[in-house]
Amino acid sequence: QLQLVESGGGLVQPGGSLRLSCAASGFTLDYYAIGWFRQAPGKEREGVSCISSSGGHTNYADSVKGRFTISRDNAKNTVYLQMNSLKPEDTAVYYCAARGSYYCPQSIYEYDYWGQGTQVTVSS
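## Comments concerning the packing of aromatic side chains
Tallied over the entire structure, the rule returns seven aromatic pairs. Aromatic pair F37 and Y111: ring centres 5.1 Å apart, planes at 90°, arrangement edge-to-face. Taken together, the residues span a long stretch of sequence, with F37 in strand β4 (residues 33-39) and Y111 in the loop between β9 (92-99) and β10 (113-114) at a distance of 74 residues. Each of the two residues, F37 as well as Y111, counts as buried. An aromatic cluster is built from F27, Y32 and Y113, whose rings are joined through pairwise contacts. We note R45 situated over the ring of Y95; from NZ or CZ to the ring centre the distance is 3.7 Å. Between R45 and the ring centre of W114, over which it is positioned, the NZ or CZ distance is 5.0 Å.

In structure tokens, the structure reads:
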């Protein structure tokens, strides 16, 4: 069964850090671009970051540039999202998604597989 599983979420104080992981099972991520998304209560799901299948290209939402870093370890079949200097407005459920392409998709609707999400709460 093809599956993406996110982990690493939790409760953190403002200014703190978390590292999210997105692990694939049932398929290899080598040929997939991977995106991270988040959805806060009452808001639409928004793109946070994306990394190409080789890791050579990345992009970030303006709201997280300079604070979040996406990376991948294809040998471990895992993609990471390092989140630093967290703010209360980063609170959301974070999802990873995979698209069978080299480059990151232009639209959220182009992703092939989605994980179930992991909760990130930034609060004092």
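## A word on the sheet that holds strand β7 (residues 68-73)
The antiparallel open sheet is built from four strands, whose spatial order is β1-β3-β8-β7. For this open sheet the edge positions go to β1 (3-7) and β7, each flanked by a neighbour on one side alone. Sheet twist, expressed as the average angle between the axes of neighbouring strands with direction ignored, equals 15°. Direction of pairing for strand β3 (residues 18-25) relative to strand β8 (residues 78-83): antiparallel, over a ladder of six bridges.

## Describing the pairing of β4
Buried residues dominate β4, accounting for six of its seven residues. Across five bridges, β4 lies against strand β5 (residues 46-51) in antiparallel orientation. Counted as the bridge partner of G35 is C50 from β5. Hairpin connection from β4 to β5: six residues lie between these consecutive antiparallel strands, with G42 at a positive phi of about 80°.

## What to know about the pairing of β3
Sheet topology places β1 next to β3; five bridges connect them, and they run antiparallel. The residue bridging Q3 from the neighbouring strand is S25, located in β3.

## Side note on unusual backbone geometry
A negative phi angle characterises most non-glycine residues, just as the trans form characterises most peptide bonds. Even without a glycine there, the phi angle at N77 is positive, about 55°. Here N77 lies in the loop between β7 and β8. The phi dihedral of S85 is positive, around 50°, even though this residue is not glycine. Secondary-structure assignment places S85 in the loop between β8 and β9.

## Topic: the side chain of R38
Tracing the sequence through the fold places R38 in strand β4. A polar contact is formed between the side chain of R38 and the side chain of Y94, at a distance of 2.9 Å. Each residue touching R38, except ones within four places of it in the same chain, is listed here: E44, R45, E46, V48, S63, V64, F68, E89, D90, A92, V93 and Y94.

What counts as what
- Each residue is numbered by its place in its chain's sequence as written, counting from 1.
- Totals for whole chains, interfaces and linings use all residues, but because this is a predicted model, local features are given only for residues with pLDDT of at least 70 and pairs of side-chain atoms are given and counted only at 80 or more.
- Side-chain measures were taken over the full set of non-hydrogen atoms in the model, leaving aside hydrogen atoms and water.
- Pairing of aromatic side chains requires ring centres within 6.5 Å, counting the rings of Phe and Tyr and the six-membered ring of Trp. Pairs whose planes differ by under 30 degrees are stacked, by over 60 edge-to-face, and all others tilted.
- Labels follow the DSSP assignment, with helices taken as runs of H or I lasting at least four residues and strands as runs of E lasting at least two, numbered in each case from the N terminus.
- Summary of the burial criterion: residues with accessible area below 20% of their type's maximum are buried, those above 50% are exposed, and those between are partly exposed, where the area comes from a 1.4 Å probe applied to protein chains only.
- For a lysine, the NZ atom is tested; for an arginine, the CZ atom; a charge sits over a ring if that atom is within 6 Å of the ring centre and within 35 degrees of the ring normal.
- One requirement defines pairing of two strands: DSSP has to find at least two bridges between them.
- To get an axis, fit a line to the C-alpha atoms, keeping to the stretch in contact for a helix; angles then go from 0 to 180 degrees between the N-to-C directions.
- Under this definition, polar contacts are N or O atom pairs within 3.5 Å; protein pairs additionally need one hydrogen-donor-capable and one acceptor-capable atom, and for neighbouring residues in sequence, both atoms have to be side-chain atoms.
- Throughout, a contact is declared for two residues whenever any of their heavy atoms are within 4.5 Å.

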